[in-house]
Amino acid sequence: VPWDVTEDALLEAFGPYGRCRVEWPGNEARFARPGQNRGTITRGKVTGYVYMIFDHEHSVRQLLRDCSQEFGSAGEWYFRLKAKRNNTIETRQVQIIPWVVSDASYVEDPGARLDAKKTVFVGALHGMITAHVLFSIMNELYGKVVFVGIDTDKYKYPIGSGRVTFSSHSSYFRAIECAFLEIKTSKFSKRVQIDPFLEESECMICHQSVGPYFCRDRGCFRYHCSMCWQRRHPPGSLNATHRYLTRNTPRNNRDPIDLLNLGNSLI
Ligand SMILES: [Zn+2]
Ligand SMILES: [Zn+2]
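- Looking at an unreviewed UniProt entry, the chain carries the name Cytoplasmic polyadenylation element-binding protein 3, with the source organism given as Pristionchus fissidentatus.

Structure, rendered in structure tokens:
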């Protein structure tokens, strides 16, 4: 959307398709800078996109009927957004990214057990990537994939992350060792992040306390309590360069809590 678009202009443009409201992306506090007012204009300027939430699915279908798809393009939808500016009406072309709910998961083998120890977390995903597309990419690069889930919010819209379960540990480790993966399709190019999918675990060194700090280095690759983390990664040692992951490390701009809740239902 244009950086200076207002909520009223959006409601006026999309209202004819049915009852809807505007959700500005991200956590306002995260985008606001000290001393700035947290107006919607500031947020629109920072992110360049908004979520339009319709009460009914048929509104989305009707909206898409009024969108154009450029001939020869990869199928992106464009909508002509009219907005008043300085007493004149301006038309801007904005992209609409609909989501088909069934694209959020892909199961290759319904009988396979979804083992968290063979599951990777994929972050910084592009909003147009479907579970099946992610399946094809990961399956080709790292080996047999049994399940792909795209994490979604309460409206079942993607939040920019997903989980991929492999059938073997060797595929899992190949994926983890990459850490980042450049996905290029006709629609977009995006560098995604691959991390181990974390569970709640006890410290795997002392077995005395909870181990929220997971060291993703292949030499460690285990959960630590903070005492054991410090003991195994002292400053100046070879291990000092290791980085840890926790279940609460924010990994994208939308609601990371949602994603963690979804993670709990994995097994
Ligand atoms: Zn410990
Ligand atoms: Zn380590």
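### Points about the overall build of the chain
1) Next: A count of helical and extended segments in the chain gives 8 helices and 13 strands.
2) Next: Per-residue burial for the chain yields a buried fraction of 41% across its 267 residues.
3) Next: Long-range pairs, those at least 24 residues apart, make up 58% of the contacts in the chain between residues at least 6 apart in sequence.
4) Next: As displayed, the chain offers around 15,200 Å² of accessible surface, 50% of which is attributable to carbon and sulfur atoms.

### Comments concerning the sheet that holds strand β6 (residues 119–123)
1) Next: Spatially, 6 strands are ordered β5-β7-β8-β6-β10-β9 in an open sheet, and the strand pairing comes out antiparallel. If you trace the sheet from one side to the other, it starts and ends with β5 (105–107) and β9 (180–184), each paired once. On average, adjacent strands in this sheet sit at an angle of 25° to one another, irrespective of strand direction.
2) Next: Pairing geometry for β6 and strand β8 (residues 158–166), over 4 bridges, is antiparallel. When the bridges of β8 are listed, Val 122 appears paired with Gly 162.
3) Next: Running at roughly 140° to strand β7 (residues 145–152), helix α5 (residues 131–142) makes contact with β5, β6, β7, β8, β9 and β10 (189–196) of the sheet.
4) Next: Seen against the sheet, helix α6 (residues 169–178) touches β6, β8, β9 and β10 and runs at an angle of roughly 120° to β10.

### Overview of the coordination of the zinc ion (ligand 2)
Under perfect tetrahedral coordination by four donors, a metal shows angles of 109.5 degrees; under perfect octahedral coordination by six donors, it shows angles of 90 or 180 degrees.
1) Next: Looking at the zinc ion (ligand 2), the protein donor atoms are Cys 215 (SG), Cys 220 (SG), His 233 (NE2) and His 242 (ND1), and they sit 2.0 to 2.3 Å from it.
2) Next: Donor residues binding the zinc ion (ligand 2) come from one chain and are separated in sequence as C-x4-C-x12-H-x8-H. Here Cys 220, found in the loop between β11 (213–215) and β12 (223–224), pairs with His 233, found in the loop between α7 (226–232) and β13 (244–245); they are 13 residues apart in sequence, far enough to count as distant. The residues Cys 220 and His 233 share a single accessibility class, namely buried.

### Re the layout of surface pockets
1) Next: In this structure, the largest pocket encloses a volume near 1,800 Å³.
2) Next: Elements supplying a minimum of two residues to the lining of the largest pocket: α1 (7–14), β2 (51–54), α4 (57–65), β4 (88–96) and β8.
3) Next: Per-element tally for the lining of the largest pocket: the top contributor is α4, with 5 residues.
4) Next: Looking at the lining of the largest pocket residue by residue, the classes come out as 30 nonpolar, 11 polar and 9 charged.
5) Next: Taken domain by domain, the makeup of the lining of the largest pocket includes at least three residues from each of domain 1 (7–96) and domain 2 (101–198).

### Observations concerning the pattern of salt bridges
1) Next: Following the criterion strictly, the structure yields 9 salt bridges and no others.
2) Next: As a salt-bridge pair, Glu 199 and Lys 117 come within 3.4 Å of each other at their nearest N and O atoms. Here Lys 117 lies in the loop between β5 and β6 and Glu 199 lies in the loop between β10 and β11, a separation of 82 residues in the sequence.
3) Next: For Glu 199, a relative accessible area of 27% corresponds to the partly exposed category.

Criteria and thresholds
- Residues numbered from 1 in each chain as written.
- Chains lettered and ligands numbered in written order.
- Predicted model: local features only at pLDDT ≥ 70, side-chain atom pairs only at ≥ 80, totals over all residues.
- Heavy atoms only, no water.
- Helix = DSSP H or I, 4+ residues; strand = E, 2+ residues; numbered from the N terminus.
- Buried < 20%, exposed > 50% of the residue type's maximum accessible area, 1.4 Å probe, protein only.
- Contact = heavy atoms within 4.5 Å.
- Areas by Shrake-Rupley, 256 points an atom, 1.4 Å probe, with all protein chains shown as cover.
- Pairing = 2+ DSSP bridges.
- Axes fitted to C-alpha atoms, helices over the stretch in contact; angles between N-to-C directions.
- Donors = N, O, S within 2.8 Å, 3.2 Å for Na, K, Ca; no water.
- 1 Å grid on protein atoms, 1.4 Å probe; cavity = no way out; pocket = protein on both sides within 12 Å on 5 of 7 lines; lining within 4 Å.
- Points joined across faces, edges and corners; volume = space filled by probe spheres on them.
- Nonpolar A, V, L, I, M, F, W, Y, C, P; charged D, E, K, R; others polar.
- Domains from an automatic or database assignment.
- Salt bridge = Lys/Arg side-chain N within 4 Å of Asp/Glu carboxyl O.

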